[in-house]
Amino acid sequence: MASIKKPVMVIAGLTFLAMFNQTFIVPSLKEVIIDRYDSTAAMASLFVTVEMVAYMIFGVVWGAVSDKRGERRIFIVIGFFGSALLYYTMSLAPDVTTLLALRFVQGALTVMAWSLLMTLALDIAHAKRYGAVMGTVGTGLALGIGFGAPIGGLVGDLGPLYPLYAASALFILAGALALMFLEDSPIKNKPESIATALKFVARDRRVLPPFMFGFAERFSAGYLVFLLPLYLAYEFGAEPSVRGMYLAAFLLPFALLQYPFGKLSDRRGRIPMLIVGGFAYAVMIGLLGYVGQAGMAILMATSGAVAAMLLPASLGLLGDLTPKGEHATYMGGFNALGSLGFAVAPPLAMLLAEWGGYPAALAIGGAIIGLTVLGSVPLLRGPRGQVREVTR
C-alpha cells in the first residue's frame, strides 16, 4: 500500500488541476465569447459542447494509442503542455469560429491528459484496491470541478482574457509536475494494434454496466449544474450565493466520501453498491422539485453522498473487468460515455423545463438515471439470475 500511496496522491492532485480547468472558464463565457465577439448565447454554449465532442472522439483513440505503446506518462505530459498552448492561443483568436476550432483541439489534448491519468491509477493499483484508489482520484476530480467555477469567476472579474491566461499557466504547472513526479507502470500484455484494442472495447459487453454508470453519473452532474440554479432563481428568487451553496451541498459529500465508499466497494463488492445506490440516487434527483427549499438542501447533500458511492465503484468494476494491458482504451470508452452524458444533459434539461416546468424536468432526469441503472442490471446477472461480480 505504501508503495502506491504517493503516486496515487500525485495522480489525484494532477486530476484536480485538469478538472479545475474544465469549469474554470465557465463563469466568464459571456465576456470571453458573447461580449468579445458580439456573439450569441448559442455560440457560448457551443464552447462547452465542442470540448465534450473532442472528449468523446479522442478519449478512446488516445487510450488505444497509449495501450499499444505501453506508455502513459509521455501522453499525459504532452496533453498538459498542449492544453496550455491552446488556452493561450484562444486569447489571440480573431473570431468565434477560430476560437471554437481551437477549443476542439484543446479538448482533444486535455482528454489525453486526464483520461490517461485515471488509467495510470488503475495500472498501479492492486486488483483488490481498485475502488479505494479510484475513490482517491475521484476526490481530486470532484474537488477540481467544484472549486474551478467559483475561483474562475473571481479571476474573470479582473478581465475577460485572464481566465484563459490563468488556465494556460495552470496547465503548464500540471505538465511540469507530471514530468517530474509521474512514472509509468510496466505493461506486459499490450494489444497487437490500435485497431485491435478498439475492437475489443466495442465488442466487450461485460463493460457496458460501468460505461452506463459513467454516463448516468455525468449526465446527472450536467443536469443539476445547469437546471438547479435556474430553478432556484426563478421559482424561489435565490441569489447567486445561495444557488452556489446548494451546489456545494452536493459537491462536498460527493468529493469527500469517494475514498471511503471506494474502499467499501473493495471489501463488500461493487455490484450491490451500484444497484442500490443507483436507484436511490435516481429517486432523490427525481424528488428535488417537490420538497421545497429546505427539503432540497437535505436531498442535495444526501444525493451527493450517494453519488460518491457510484463513481469509485463503477471505476473499480471497470478495473475488475478490463485486461491489464488495455486499461487506457477501456477508460477512454468510460470517459467518452460520461462526456456524452454531460453534453446532452443541459439542452435536454432546458427543453424539458420549458415544456413541463422545473419539477417535471427534474423528475424526468431522475427517471432517465433510473432507467439507465435498470438497463445495466441484466448485464450483471449470472446464469442462475443471481447478481454477481464478473471475473476475468
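## So, helix H9 (residues 208-236)
Here H9 is 29 residues long and its end C-alpha atoms lie 40 Å apart, about the 42 Å a rise of 1.5 Å per residue gives. The largest bend in H9 is about 30 degrees, located at leucine 224. Immediately beyond the C-terminal end of H9, within one or two residues, lies glycine 237, with a positive phi of roughly 65 degrees.

## Some remarks on the nonpolar core
General note: in soluble globular proteins, nonpolar side chains tend to be found buried as a group. Judged by nonpolar contacts, the single largest core of 116 residues is most densely connected at Phe80 and Tyr281. It is helix H5 (residues 96-124) that contributes the most residues to this core, 16 residues altogether. Sequence-distant contacts of phenylalanine 80, defined by excluding residues within four places in its chain, comprise Leu14, Ala18, Ala113, Leu117, Phe171, Ala174, Gly175 and Ala178.

## Things to note about the side chain of serine 66
Locating serine 66 in the fold gives a position in helix H3 (residues 41-69). Every residue in contact with serine 66, bar those within four places of it in the chain, is listed here: Glu71, Arg72, Phe75, Leu116 and Ala328.

## Describing the pattern of salt bridges
Summed over all chains, the structure comprises seven salt bridges. Between lysine 30 and aspartate 35 there is a salt bridge, with its nearest N and O atoms 2.8 Å apart. We classify lysine 30 as partly exposed; its relative accessible area is 46%. With its nearest N and O atoms 2.6 Å apart, the salt bridge here joins arginine 72 to aspartate 123.

## Describing unusual backbone geometry
Of note in this structure, aspartate 38 is not a glycine but carries a positive phi near 50 degrees. Within the secondary structure, aspartate 38 sits in the loop between helix H2 (29-37) and H3. Judged by relative accessible area, aspartate 38 falls into the exposed class, the value being 71%.

## A word on the packing of aromatic side chains
In this structure the tally under the stated criterion is 15 aromatic pairs. Taken together, a centroid distance of 5.4 Å and an interplanar angle of 75 degrees make the contact between tyrosine 231 and phenylalanine 236 edge-to-face. On the numbers, 5.7 Å between centres and 25 degrees between planes, the contact of phenylalanine 250 with phenylalanine 254 is stacked. Of this pair, phenylalanine 250 and phenylalanine 254 both sit in helix H10 (residues 240-256), four residues apart, which is roughly one turn of the helix. An aromatic cluster of three or more residues is present, and its members are Phe16, Phe20 and Phe24.

## A look at the packing of H9 against helix H12 (residues 270-287)
Look at H9 against H12: their axes get within 12 Å of each other, and the N-to-C directions meet at 20 degrees. For the element pair H9 / H12, the angle class is roughly parallel. The handedness of the crossing between H9 and H12 comes out as left-handed. Here H9 contributes Phe213, Ser220 and Leu224 to the contact with H12, which in turn contributes Leu274, Ile275, Gly278, Tyr281 and Ile285. Among the residues forming the contact of H9 with H12, the class breakdown is six nonpolar, two polar and no charged.

## Notes on helix H11 (residues 258-268)
Listed in full, the buried residues belonging to H11 are Gln258, Phe261, Gly262 and Ser265. One side of H11 holds all its buried residues, which, seen down the axis, span an arc of 105 degrees. In H11, the exposed positions that point more than 90 degrees away from the buried face belong to Arg267 and Arg268. Phi turns positive one or two residues past the end of H11, at glycine 269, with a value near 105 degrees.

## Remarks on the confidence of the model for the protein chain
Averaged over the protein chain, the pLDDT score is 86; the fraction of residues at 70 or greater is 91%. Low confidence marks residues 381-392, where pLDDT is under 50. Its contacts with residues over four positions away, or in another chain, come to 27 contacts.

## Focus on the environment of leucine 109
You can see leucine 109 is positioned in helix H5. Under the relative-accessibility criterion, leucine 109 is labelled buried at 17%. Counting along the chain gives 54 residues from leucine 109 to tyrosine 55, while the straight-line C-alpha distance between them is 8.8 Å. Each residue touching leucine 109, except ones within four places of it in the same chain, is listed here: Gly79, Gly82, Ser83 and Leu86.

Criteria and thresholds
- Residues numbered from 1 in each chain as written.
- Predicted model: local features only at pLDDT ≥ 70, side-chain atom pairs only at ≥ 80, totals over all residues.
- Heavy atoms only, no water.
- Helix = DSSP H or I, 4+ residues; strand = E, 2+ residues; numbered from the N terminus.
- Expected span 1.5 Å × (residues − 1).
- Bend = angle between axes of the 7 residues up to and from the residue.
- Core = buried A, V, L, I, M, F, W, Y, C linked by side-chain atoms within 4.5 Å.
- Buried < 20%, exposed > 50% of the residue type's maximum accessible area, 1.4 Å probe, protein only.
- Contact = heavy atoms within 4.5 Å.
- Salt bridge = Lys/Arg side-chain N within 4 Å of Asp/Glu carboxyl O.
- Phe/Tyr/Trp six-rings, centres within 6.5 Å; stacked < 30°, edge-to-face > 60°.
- Axes fitted to C-alpha atoms, helices over the stretch in contact; angles between N-to-C directions.
- Parallel < 35°, antiparallel > 145°, perpendicular 65-115°, else oblique.
- Left-handed = near helix turned anticlockwise from the far one by under 90°.
- Nonpolar A, V, L, I, M, F, W, Y, C, P; charged D, E, K, R; others polar.
- Arc of directions from axis to C-beta.
- pLDDT = per-residue confidence, 0-100.

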